[in-house]
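Residue-level structure breakdown
Here are the chains, one letter per residue:
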Amino acid sequence: MTPDQFIAKWQATTLKERSAAQEHFIDLCRLLNEPTPAEIDPNGEFYCFERGAKKTTGSDGWADVWKRNCFGWEYKGKRKNLNEAFVQLHRYAPALGNPPLLIVSDMEHIIIHTAFNGTVPDKHQLALNDLRDPAQLRLLKWAFTEPERLRPTLTTAELTEKAARQFGELAQTLCERGHDTTQVAHFCQQILFCFFAEDIGLLPNQLFSKLLEIGQQRLEHLPATLTNLFNTMATGGFFGNDPVDWFNGGLFDAATPLPLNRADVVTLRELAQLNWSAIEPSILGTLFERGLDPNQREQLGAHYTDPASIMRLVNPVVLEPLRAEWRTQQTAIAALLEKVAGLKSKADKAIATANTTALTTEAANKVGKVRTDASNAEAKAKKQIEKRCRDFLMRLQNFRIIDPACGSGNFLLLALRGLKDLEHEVILDAERLGLPASFPKVGPENVLGIELNAYAAELARVTVWIGEIQWMLNHGFSLAKNPILKKINIIDQRDAVVNADGAEPHWPAADVIVGNPPFLGGSKKRSVLGDDYFSTLETIYAGRISGGADFVTYWFEKARMQIEIGKAKAAGLVSTNSIRGGANRKVLERICATTTIFNAWSDEPWINSGAAVRVSLICFGNTKLKPVLNGEAVAEIYADLTGINNETKADLTTAKSLKENSGACIRGLAKVGQFDVPGDLARQWLNLPNAHGKSNLDVLKPWANGMDIARRSSDNWLIDYGNSLSENQAAFYEAPFEYVLEHVKAQREAQRDEKRKTYWWRLGRSGIEIRTALNPLARYIATPMVAKHRLFVWLDKRVFPDQQLIVIARADDTTFGILHSHFHEIWALRMGTSLGATPRYTPTTTFETFPFPIGLTPADTGGAIETLDSGAVIPTVAAEYQDNAKAIAEAVFQLNQLREEWLNPPEWIERQPEVVAGYLDRILPKPEYAAKLKKRTLTNLYNEHPASLANAHRQLDLAVAAAYGWENDAAEFNEAEILQRLLALNLARNSRK
DNA sequence: TATCCGACAAGGA
DNA sequence: TCCTTGTCGGATA
C-alpha cells in the first residue's frame, strides 16, 4: 500500500471505531511494511489486538493494539476525543508492561505520546497528509521497530536542574534585597506551584503566564495582582473571567508576594516556558539551595537523598512485604477459581450425560443438585474474591509511612509513589478478576513526616502534593477537587528526638518508619547542638544511647522502640557507615536483641554535592522476609552489618579482649599543637649552642606519623620537652622554645583542658605509657591507624611515634611476622572500623582480640630477644614453639628486606650520617633518581603488588599457618573460614576482665 | 588518661 | 580541579 492509497482510503471512510480500527491498523502495517499481529504472533503473546480483553464478556481490553516494549495503541471514532483514549492508555500502561510509547488515533490523526521513564514526555502528531512525508513515515516506523529513537533528550532531572538553577538565583537576589528567607521560600514555592498548576491545566488559560506578561509592562500592579490570584487560589472563585479552583493546603493561606523588579519578571517568564508538569519533585529540595543562607543550605543538602538509595530502603520495608501479602491473596484467589472451575466442569459433564440418556427423577435431581452446587460455589467464591481484593485495597489505603526526619520529603514522595503504583496494580488485577474498577484511594494521607526545619517542612508538603497530582494525571485519573490540596497534616514541624519541654517526643504510630536522619559525630554533638540540648539528650536517652554515639543513633533507637511497643512493624534508615563500629554499634546491638536486621547495605558511597561520606542503609523490624545483605541472601545479619552466607556462622561482634594481648599495643602521642618542625630546621638547631650548655638534642627527635610510613618519610622532627621541664627550664633550649612560643602557645591557651593551657610548651599528652613501653627496646613495630593497606614497619626507638601510628612494643620479628600475616590482616579489616572507605586499625577491637598462635602471644614474646645469623630477631619462647618462632621471623625478615630494597634501591640513594653522632643515617636520593624515588612508597608497592612481594607474603603466611597448626590446608583457606577459626580461638582463651 | 571519630580535610597529580 | 589517602584534636568513658 502506498501513502496515497492509504490516505485516499481513510479520508473517505466513515466506519465507526470498532469495525474500522483493526482494518486501519492492518493497512498501516502494509504501508510501513511491518508484519501484522496475526502474522508474527498468532497467540498474542507480545503483539496483538485487544490486549487484556476478557474473552468471556468481550469487553474492552486495555489497549486496541499492543506491541511489547513498543506501544499501546488506542483507537477512537473519527473526531472523538483523543484525550480520553490517551487517559485510558495511561491508566492501563502498567498492565501493558509500561510501553515507551502510548499512541492514540482517530484514523485521521495519529498522536504518539512518549512515556519513557525519567524523561519529559514528548508528543508527535501526524495527520493523514503527513504520511506522504518520508520523515514522518519513518517516525511511525520507529514506533514499531525502534521506539528508543523517540526517547526525548531532555530528562526530567535536567529539566528540574535547569528550573532549580534559575529559581535559585531568583531566590538569592530576593534574599540579597533584604527579604526574610522564610518569606522568600514561601513566595517561591507559591510561584513554583502556579507554574506547575498552569502546565497541568489546573490554572486555566495560561493564566499565570499572562499575568506575568502584563506584569512586566505594569510592574507596579504586580504585587496586588499576585495577592489577588493567591487569595483566589486559597478560596476558589474567579480571577477576572477565569474560574480558579480551590487549592487550599496552607500554601496560599498567607498571600504576601514580594516586590519584583523587571529583571525578576523576565526570569520568571523564562521559567514559565519550561514544562513544569514533568518537574521531578524529588529534586525540589535542592531547588532553592543557592538562595538560602549557608546554614540552611547545609541542612537541606544534608537531607537530600538520591532516589536509588531511597528505594533501597522503601522496597524492602514498604513494597516487598506488601507485594508478598498480595501474592498470598492471589494464590488463595487462584485456588478458589480452580475449585469453582472443577465444580463447573463436573456440572457440565453431568448435564452432558443427562442430555444423552433418559433420566430417572432421582438422576435428574442429582444433576440439578450438581448444577446448583456449582453456581452456589461460584457465587460464594466471587464474594470471597471480592472480599480479599477489597480487604487488601483497604490495607493499602490504611498503610502509614512515617519519616521522622523527612527534610524536603523525598522519602515520603517515593514511598507514596510506590504505594500508589502497587494499589494501581492491585486494582487492575481485581478488574481482571471481573470486579468493578475502583478509584485509587492511596494518597498524601498515607505519609507522615517530622521535620524541624520550617522551610524544609513546607517544601515537603509541596513535594508530596506535586507527586500526588502528577501520579494521578499520569495514570489517567482526574483530581479530587474542592479543594485540590487537602489540608492534611502530613508534616509535623518539630524536633523528632527532643521536645521543647525536655521530654521524649511522641512519634505517631505507623506501619513503617523510613528516613535519612542527620549524622553528627559523637564528639561534635555538644559543640553543634549546644550544652543544654546535649544534656537533655543525655537525660532522655540515659542507658539507651551513649554520649559518644552519633546523633543518627537516636533515630535508630526511637524506631527500635516504636517496633518494640508495637507502634511500627519495620524501619529502614540511612546512617553513616561508622554505625558499624565503636560506640555507635551499641544501638544496632540493641536492635538485634529486640528485633532483626533483615536488609542492609553496609558501606555505600553517598552521592551528594560536597558531602564526602559513606553510609550504611539498614532495615530492621519484624518481617517474614529472608535477610539480604549487600544484595545477597544471608543466614543472619549481625550488628556490625556482616553476615555469612552458609551454615557456619561467625558473629565477630562476640570476640573479646584477650588477657595475653594487653599492654602491647599502644597509640602514639598527640602533639596538640605544631610541635613538629622540618628536619633542616631541627638540624640547624642541633648546631646552635644554648646558654646553659645543653644540646637541643635533649628536646628534639625525629618524628613519624602515618603518612611517613604509607608514603616516604617527610623528615620532620618533634620538639618534646617531656613531662618534667618547667617553663623556665624549657626556655633554656632557646631556638625550639621560641618556635613553640610562636606556633603553639596561643592555640594551647584557647583549649578547654586546664593542663594543656598551663603546660603549653609540653606535648598534649604525657605519653607515659608509650615512653615506658618503648624504653627497653631498640626498635618497635608500627602501623598507620588509617591506611589503604594494612602495613607494619619497623621504627627505630629514637623515632617518635605520632598518635596516628599504632605501636606494638615488641622488637622481635616473630611478632612482626604474625601481625603482617594474612590472618591478622583479615582480622584487622573485619574488626576495625573505617574512615570513609579506608580501613582503620582500632587497637581494642583489633589487636586486643586477635588470637596469636599458642606460645607466641604478646605475653610470650615480651622477654629477651636473640639475633640469628641471618639477621632475623627471635623472642625467647618455650622450647616447643621455638621452631615456629624462628620460621616466622626468617620469613618476615626476607619480606622486609625485599621491601627495603624496593623502597630504597642502593644505586638510587646516598646514605649520609646524621648531624648528631650515633643517629640513624639519612637516606638522600641521588639527584637523577629523586623523581623516581618519590614514587617508591609502601602504598605504591602494595598497589602494584609485584610477584616477588606476593611470594614473600605467601611464605610468611605458610610459616604463620604452621604456628597455628593449619599448615596442611593453609592454601585453601577462604576468609570466612579463617575468621571462623580465629573467632573460635579467641572465644577459647582468657578474656581480659 | 585511653580511645575513637569525622554528612571529612588536605595534599598531590 | 579531581582524586587519593590519611591529620588532628575534641570529647566521652
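See the structure shown above.
The structure contained in this document is the topic of the report that follows. In this text the structure is predicted, and so the values were computed from the model without any measurement.

If you walk across this open sheet you meet the four strands as β18-β25-β22-β23, and the pairing is antiparallel. If you trace the sheet from one side to the other, it starts and ends with β18 (665–667) and β23 (793–796), each paired once. Across the sheet, the mean angle separating the axes of adjacent strands is 40 degrees when strand polarity is ignored. Pairing between strand β22 (residues 779–784) and β23: four bridges, direction antiparallel. Bridging from a neighbouring strand, Arg-779 pairs with Asp-796 of β23. Along the sheet, helix α27 (residues 813–820) makes contact with β22, β23 and β25 (805–808), crossing β22 at roughly 10 degrees.

So, about the nonpolar core. Residues Phe-193, Phe-195, Phe-247 and Val-318 are the most contacted members of the largest nonpolar core, which totals 108 residues. Residues within four places of Phe-247 in sequence aside, it is in contact with Phe-193, Ala-197, Leu-202, Leu-203, Met-233, Phe-252, Pro-483, Ile-484 and Leu-485. Residues Leu-938, Tyr-964, Trp-966 and Ile-978 belong to the second largest nonpolar core, which totals 66 residues.

With the rule as written, the count across this model stands at zero disulfides. Of all cysteine sulfurs in the structure, the one in Cys-188 sits closest to Cys-175, which takes part in no disulfide; the separation is 7.8 Å.

In this structure the tally under the stated criterion is 44 aromatic pairs. When the ring of Phe-247 is compared with that of Phe-252, the centres are 6.2 Å apart and the planes differ by 70 degrees; the resulting orientation is edge-to-face. By relative accessible area, Phe-247 is classed as buried at 0%. Residues Phe-850 and Phe-852 carry aromatic rings whose centres are separated by 5.2 Å and whose planes lie at 80 degrees to one another, so their mutual orientation is edge-to-face. Across the pair, Phe-852 and Phe-850 agree in class, each one buried. Taken together, the ring pairs in this structure connect Phe-25, Tyr-47, Phe-49, Phe-71, Trp-73, Tyr-75 and Phe-144 into an aromatic cluster. The side chain of Arg-51 reaches across the aromatic face of Trp-66, ending 4.1 Å from its centre. Above the face of the Trp-966 ring, Arg-981 is positioned so that its terminal group lies 5.4 Å from the ring centre.

Around DNA strand C, 30 residues are found, and the nearest of them are Ser-523, Gly-547, Gln-751, Gln-803 and Gln-804. Looking at DNA strand C alone, sugar and phosphate atoms form 63% of those within 4 Å of the protein. In the model, a phosphate oxygen of DNA strand C is placed 2.8 Å from a nitrogen or oxygen of the Gly-547 main chain. Arg-711 has a polar side-chain atom sitting 3.3 Å from a sugar or linking oxygen of DNA strand C. When residues of the surface near DNA strand C are traced back to their parent elements, those giving at least two are α16 (525–529), α21 (706–710) and α31 (938–944). Counting residues per element, the surface near DNA strand C draws most heavily on α21, at three residues.

Our next topic: the protein's contact with DNA strand B. In the vicinity of DNA strand B there are 25 residues, among which Asn-516, Ser-578, Arg-667, Arg-765 and Thr-844 approach most closely. What you see for DNA strand B is that sugar and phosphate hold 40% of its atoms within 4 Å of the protein. Between Asn-516 and DNA strand B, the recorded distance is 2.5 Å, taken from a side-chain N or O atom to a base nitrogen. Within the contact set of DNA strand B, a base nitrogen lies 2.8 Å away from a backbone nitrogen or oxygen of Phe-519.

Within the fold, Phe-534 resides in helix α17 (residues 531–540). In this structure, the C-alpha to C-alpha distance between Phe-534 and Gln-674, residues 140 residues apart in sequence, is 31 Å. Non-local contacts of Phe-534, meaning those with residues more than four positions away in its chain, are made with Lys-525, Arg-526 and Gly-547.

Criteria and cut-off values
- Residues numbered from 1 in each chain as written.
- Chains lettered and ligands numbered in written order.
- Predicted model: local features only at pLDDT ≥ 70, side-chain atom pairs only at ≥ 80, totals over all residues.
- Heavy atoms only, no water.
- Pairing = 2+ DSSP bridges.
- Helix = DSSP H or I, 4+ residues; strand = E, 2+ residues; numbered from the N terminus.
- Axes fitted to C-alpha atoms, helices over the stretch in contact; angles between N-to-C directions.
- Contact = heavy atoms within 4.5 Å.
- Core = buried A, V, L, I, M, F, W, Y, C linked by side-chain atoms within 4.5 Å.
- Buried < 20%, exposed > 50% of the residue type's maximum accessible area, 1.4 Å probe, protein only.
- Disulfide = S-S within 2.5 Å.
- Phe/Tyr/Trp six-rings, centres within 6.5 Å; stacked < 30°, edge-to-face > 60°.
- Lys NZ or Arg CZ within 6 Å of the ring centre and 35° of its normal.
- Near = heavy atom within 4 Å.
- Polar contact = N/O pair within 3.5 Å; in protein donor to acceptor, adjacent residues only side chain to side chain.

Everything listed is a geometric property; what it means functionally is a separate question.
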